[in-house]
Amino acid sequence: MTGDRGYSTLELLTALALTSVVVLAAAQLVGEAVQIVDGTGRAMRSPTLTLAMATMRRDVQDAAGASEPTVPGWSEGTLELLFWDGRRVRLFLEGDAIVREGLDALGRSAGRRVLVRGITSWWWRTPTPWTVDFRMTAMVAPDPVPARRAAVLRRTETRRFVMRGSPGGRTW
């Protein structure tokens with residue numbers, strides 16, 4: 001402060017800049033907190049869908065390549081992920097379930113399991129050679145709010161996963 005005349009312009013601008021930095025940091029934290037709470041709520045309402053997406057993410061990230069859809073754009077067919085050691089993983093919709101089937105290097109089945117049931121639609125695409133997008137709609141647990149509990153809930157999840165597999169291990 002300079003005598004009895006009040007604050008100088010430089011002091012006011014400095015205070016304004018510091019306040020702006022604090023407000024921006026707080027806004028960033030609030031935004032991240034909202035994303036965490038939203039993700040937790042979705043995982044609680046449909047934990048099997050969350051686990052299925054985690055398995056699919058791991059498969060895509062470990063893959064070296066993917067089959068191309070038969071038509072450009074979104075496909076409902078089987079997605080086949082290719083690995084450097086010759087293994088393959090197929091992901092496909094069978095009835096209302098997403099099924100994961102592993103194949104060894106000779107093409108023999110090495111295991112098959114249902115990842116999630118209650119799927120009403122399944123779509124995938126490869127917008128670039130190293131990414132796979134998934135879009136699924138699933139029936140989920142009832143809403144915890146009593147006023148909305150009677151309605152049948154469907155949730156659509158859209159995720160993009162990037163392949164990281166390479167001959168010498170992960171590339172990043």
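Structural data are supplied above this passage.
If you're wondering where the values come from, they're calculated on a predicted model, not measured in any experiment. (Residues numbered from 1 in each chain as written. Predicted model: local features only at pLDDT ≥ 70, side-chain atom pairs only at ≥ 80, totals over all residues. Heavy atoms only, no water.)

**Examining the pattern of salt bridges**
Turning to step 1, where the next piece is worked out: All told, the structure shown has 11 salt bridges when counted by the stated rule.
Turning to step 2, where the next piece is worked out: Between R58 and D59 there is a salt bridge whose closest N-O contact spans 3.6 Å.
Turning to step 3, where the next piece is worked out: We classify R58 as partly exposed; its relative accessible area is 39%.
Turning to step 4, where the next piece is worked out: Classification of D59 as buried rests on a relative accessible area of 4%. (Salt bridge = Lys/Arg side-chain N within 4 Å of Asp/Glu carboxyl O. Buried < 20%, exposed > 50% of the residue type's maximum accessible area, 1.4 Å probe, protein only.)

**Points about the environment of A66**
Turning to step 1, where the next piece is worked out: Mapped onto the secondary structure, A66 falls in strand β1 (residues 65-66).
Turning to step 2, where the next piece is worked out: Between the C-alpha atom of A66 and that of W130, which follows or precedes it by 64 residues, the distance is 8.1 Å.
Turning to step 3, where the next piece is worked out: Ignoring anything within four residues of it in the chain, the contact list for A66 reads L79, E80, L81, T126, V132 and M163. (Helix = DSSP H or I, 4+ residues; strand = E, 2+ residues; numbered from the N terminus. Contact = heavy atoms within 4.5 Å.)

**Considering the environment of R57**
Turning to step 1, where the next piece is worked out: Among the secondary structure elements, R57 is positioned in helix α2 (residues 47-62).
Turning to step 2, where the next piece is worked out: Taking the C-alpha atoms as reference points, R57 and R160, 103 residues apart in sequence, are found 8.6 Å from one another.

**Some remarks on the sheet that holds strand β7 (residues 131-139)**
Turning to step 1, where the next piece is worked out: With antiparallel pairing, 3 strands are arranged side by side in an open sheet as β6-β7-β8. The open sheet terminates on both sides in strands that have one partner only, identified here as β6 (119-125) and β8 (154-162). For this sheet the average axis-to-axis angle between neighbouring strands, irrespective of direction, equals 10°.
Turning to step 2, where the next piece is worked out: Looking at chain direction, β6 and β7 are connected through 6 bridges and run antiparallel. When the bridges of β7 are listed, W123 appears paired with R135.
Turning to step 3, where the next piece is worked out: This element, α2, spans β6, β7 and β8 of the sheet and lies at about 20° to β8. (Pairing = 2+ DSSP bridges. Axes fitted to C-alpha atoms, helices over the stretch in contact; angles between N-to-C directions.)

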